[in-house]
Amino acid sequence: MKHFLNTADWSRAELQAMLDDARAMKKSPYGDALKNKTVALLFLNNSLRTRTSFDVGARQLGGHAVVLSPSGGMWPLEFEDGVVMDGEAEEHVKEAAKVLSRYCDLIGIRAFPKFQNWEEDRKDRILTAFAKYADVPVINMETITHPCQEMALVMALQERCEKDGRGPLDGKKFLLTWTYHPKPLNTAVANSALMIAAKFGMAVTVLCPTEDYILDERYMAQALRDANANRQAVTITHDITQGYDGADFVYAKSWGALPYFGNWGPEKRIRDRFRHFIVDEEKMARTNNALVSHCLPMRRNVKMTDAVFDGPNCIAYEEAENRLHVQKAIMKALAT
Ligand code: CP
């Protein structure tokens, strides 16, 4: 039994096989690979795309999804081992995981960091606990990484590059740019974009306002290992011109500065100085006619201008659609 927690646990060839299956299912959506199978989807945070695409995807393959959330009547869960459960939690994750495993064939987990202490959040305790105790495969639906989003992004890039005659992803310049947002956001999609771009042979540049916005060393190191294996580089810059010059792909995301987790007042004063990191036409003009995307949801004209987002090089809708196809391939690979 193998979980889908992080793309680092899977080889490029294994991921490409799932991407190929996703493309086949994009052409021919219905099947019986999940016939009589049930997927439990546990959402501890909001969602539009993930919730809908997993539910629709399970049904298109003959299966059934059960959506659970604390606000929807689920018992509050305890995730620590060995604690005296005399607080709010009524049920331990061990029982939740083991009982769901008796009813369901797959378990999806969405559990964002608490944003109080990165050293604690980086342990990814909820996902780890489910993976430890579940007797069926567990899928990461976004915790401190977002592997399903990574797969959808690569699929969208491969499709559009083929369609436009841009050639393979290997050797292309992938710019991951921090963008302004009024609130500190999860680093998951940024960690994921960094890792998947390096894994699929691209030269990655991370553009962020200051050193405080550099991503967790675990994901930087993983990207560097993959980049080295692919004879590519991972570069960090705080210089907008350097980041955009000659880029083939621009991926926009905002994230909170790790050293300021739990101390967001000072971080806000820093981030407010960098509203100009917005993806706009002037910056895009420096690129190699780059494709551009964002995982969504996205604040228009804060992270990216309407002109760029609604322009012909934006593949955000393709990426969002591909969540459905890649997740079907992932569920199929794990459950059959
Ligand atoms: N990109 C993404 O995961 O969207 P949702 O938060 O709406 O699920």
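Residues numbered from 1 in each chain as written. Predicted model: local features only at pLDDT ≥ 70, side-chain atom pairs only at ≥ 80, totals over all residues. Heavy atoms only, no water.

Enquirer: Sorry if this is basic, but what is going on with the site of the ligand here?
Expert: In the vicinity of the ligand, the residues found are Ser47, Leu48, Arg49, Thr50, Arg110, His146, Gln149, Cys295, Leu296 and Arg323. His146 has a polar side-chain atom sitting 2.9 Å from an oxygen atom of the ligand. In this structure, an oxygen atom belonging to the ligand sits 3.1 Å away from a side-chain N or O atom of Arg323. Considering the ligand on its own, with 260 Å² of exposed area, one finds that the protein chains cover 94% of that surface. (Near = heavy atom within 4 Å. Polar contact = N/O pair within 3.5 Å; in protein donor to acceptor, adjacent residues only side chain to side chain. Areas by Shrake-Rupley, 256 points an atom, 1.4 Å probe, with all protein chains shown as cover.)

Enquirer: Looking at this structure, I do not really get unusual backbone geometry. What am I missing?
Expert: The phi torsion of most residues other than glycine is negative, and most of the peptide bonds are trans. At the junction of Leu296 and Pro297, the peptide bond is cis and its omega measures out at 5° in the coordinates. You can see Pro297 is positioned in the loop between strand S11 (291-293) and helix H12 (306-309). Even without being a glycine, Asn36 presents a positive backbone phi close to 65°. Structurally, Asn36 is set in the loop between helix H1 (12-27) and strand S1 (38-43). Since its relative accessible area comes to 70%, Asn36 is described here as exposed. We note that Asp124 has phi near 50°; this positive angle belongs to a residue other than glycine. Along the chain, Asp124 turns up in the loop between helix H4 (118-121) and helix H5 (125-133). Taking relative accessible area as the criterion, Asp124 reaches 13% and is therefore assigned buried. (Helix = DSSP H or I, 4+ residues; strand = E, 2+ residues; numbered from the N terminus. Buried < 20%, exposed > 50% of the residue type's maximum accessible area, 1.4 Å probe, protein only.)

Enquirer: Where do I start with helix H2 (residues 49-60) in this structure?
Expert: Each turn of an α-helix holds 3.6 residues, which means side chains three or four residues apart point in the same direction. The end-to-end C-alpha separation of H2 is 16 Å, in line with the 16 Å expected for twelve residues at 1.5 Å each. Within the sequence span of H2, burial applies to Arg49, Thr50, Ser53, Phe54, Asp55, Gly57, Ala58 and Gln60. Of the surrounding elements, those touching the buried residues of H2 are S1, strand S2 (64-68), strand S5 (106-110), strand S6 (138-140), helix H6 (147-164) and helix H13 (316-335). Immediately downstream of H2, the backbone of Gly62 shows phi near 85°, a positive value. (Expected span 1.5 Å × (residues − 1). Contact = heavy atoms within 4.5 Å.)

Enquirer: Sorry if this is basic, but what is going on with the sheet that holds strand S9 (residues 234-237) here?
Expert: In sheet architecture, strand pairing relies on hydrogen bonds along the backbone and comes in two forms, parallel and antiparallel. Pairing is parallel in the open sheet, where five strands are placed in the order S9-S8-S7-S10-S11. Both outer strands of the open sheet, S9 and S11, are each paired with one neighbouring strand and no more. The average angle at which neighbouring strand axes cross in this sheet is 20°, direction not considered. Sheet topology note: the strand S7 (residues 173-178)/strand S10 (residues 249-253) ladder contains five bridges and is parallel. When the bridges of S10 are listed, Thr177 appears paired with Ala252. (Pairing = 2+ DSSP bridges. Axes fitted to C-alpha atoms, helices over the stretch in contact; angles between N-to-C directions.)

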